[in-house]
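Chain residues, written in single-letter form:
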Amino acid sequence: MADRIRWGILSTGSIASTFVDDLRLLPDAVVTAVGSRTSAAAERFAAAHDIPRAHGSWQALVDDPEVDAIYVATPHTAHFDATMLSLAAGKATLTEKPFTLDVASSETLVQTARERGVFLMEAMWMRCIPAVRRMVDLVAGGAIGEPTAVHADFGMAGPWDGTHRLMSRALGGGALYDVGIYPVTFAHLFLGMPSSVQAWARMTPGGVDANTGILLGYDSGALAALTCGLVGDSARRATITGTTGRIEVPRDFFHPQAFTLWRGDSPSEVELPFEGAGYHFEAAEVHRCLREGLTESPLIPLAGTLDILTVLDAVRVKVGLDYSD
Ligand SMILES: NC(=O)c1ccc[n+]([C@@H]2O[C@H](COP(=O)([O-])OP(=O)(O)OC[C@H]3O[C@@H](n4cnc5c(N)ncnc54)[C@H](OP(=O)(O)O)[C@@H]3O)[C@@H](O)[C@H]2O)c1
């Protein structure tokens, strides 16, 4: 492995831009190439971000010998094809959340990566944020006793026009897979897999979920009450409650720089500030894995990604969210 990991960026949208900005915080990262459906978009993005190589197709990007790792940042519906291309070319692949819109196709991605011995990880950046890592360690170490409940919500205010990917069923729109995946993943970090999934959603006329509530039950007796939506700018906070204390996470719970640990009536503030938007932590995890010769991240294991997609499948069916045609 070279001194610097050479990244190729697959697609030229909004998160691709933020990710490239954050990569500059890693001294051992360099963006060598970008690939797009069109040469014009690739060249525009390359010029804006000072990237030396611009490719007018995904295939040309994944075949570029100057690239070690591909970051897939298309709309959800294109993640499968883009990730398969990247894995087929033998490139380490970081694919945006959600991997796909059903667990079966995500299983195919995982199986393909494992068969080929190629690194694959979901870009669930929340898991790599230092404050989130600290919370997981604290809860696992018994800091709040036995966890009994997780509350989390993620709502965004529109309006988005009907052609925006969030509103488009054809592009995998809706709240659940875009923002609901965060509360669901957050609950999974502390409570594992639920044994019961209940859900309700108000759907848009175009057939995607706009305002969604999820209630998960666990064999331990714990519960998770989670909401997500595209109809209001919610508080975006989270709480993990345990038998002897709780953790309160302020806005935005999915990339916090601080939280409050309550034991009985006494609070303590935990602060873990960072520079940038926070996407460099997931990239650093990719670097670590590649340097250690790992094909899966122990921090964001593929089995965990499939667990989350299994829960999302169950919610999708309950609320009548159907991407099938
Ligand atoms: N981790 C996070 O915090 C975070 C935040 C936002 C989004 N995301 C995820 O990142 C993905 C992209 O979100 P975004 O907000 O960046 O979207 P976006 O701004 O709409 O950009 C997506 C890009 O994908 C390409 N594209 C557009 N339509 C396509 C299609 N039909 N098929 C294939 N490619 C298409 C376009 O690039 P080209 O024209 O170059 O092909 C477009 O610029 C989503 O899966 C989302 O869940 C993650």
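If you're wondering where the values come from, they're calculated on a predicted model, not measured in any experiment. (Residues numbered from 1 in each chain as written. Predicted model: local features only at pLDDT ≥ 70, side-chain atom pairs only at ≥ 80, totals over all residues.)

**Q** Can you help me understand the domain arrangement of the chain in this one?
**A** Interface size is often expressed as the accessible area that is lost when the parts come together. The domains assigned to the chain are domain 1 (5-125) and domain 2 (130-273 + 308-319). Each side of the interface is counted separately: domain 1 has 11 residues, and domain 2 has 10 residues. Its residues assigned to classes, the side of domain 1 that touches domain 2 shows 6 nonpolar, 3 polar and 2 charged. (Domains from an automatic or database assignment. Contact = placed C-beta atoms within 7 Å. Nonpolar A, V, L, I, M, F, W, Y, C, P; charged D, E, K, R; others polar.)

**Q** I would appreciate a short explanation of the sheet that holds strand 7 (residues 147-155) in the present structure.
**A** Two strands in a sheet stick together by hydrogen bonds in their backbones, pointing the same way (parallel) or opposite ways (antiparallel). Within the open sheet, the 8 strands sit side by side as 8-9-10-7-11-12-13-14. Their pairing is mixed. Strand pairing shows two members of the sheet lacking a second neighbour, strand 8 (196-203) and strand 14 (266-271), which therefore form its edges. Neighbouring strand axes in the sheet, compared pairwise and without regard to direction, differ in orientation by 10 degrees on average. Across 7 bridges, strand 7 lies against strand 10 (residues 223-229) in parallel orientation. Bridging from a neighbouring strand, Ala-152 pairs with Leu-226 of strand 10. Set on the sheet, helix 6 (residues 130-140) makes contact with strand 7, strand 11 (238-242), strand 12 (245-249), strand 13 (258-263) and strand 14; between it and strand 13 the angle comes to about 15 degrees. Contacts from helix 7 (residues 175-191) reach strand 7, strand 9 (209-217), strand 10 and strand 11, with the element oriented near 160 degrees to strand 7. (Pairing = 2+ DSSP bridges. Helix = DSSP H or I, 4+ residues; strand = E, 2+ residues; numbered from the N terminus. Axes fitted to C-alpha atoms, helices over the stretch in contact; angles between N-to-C directions.)

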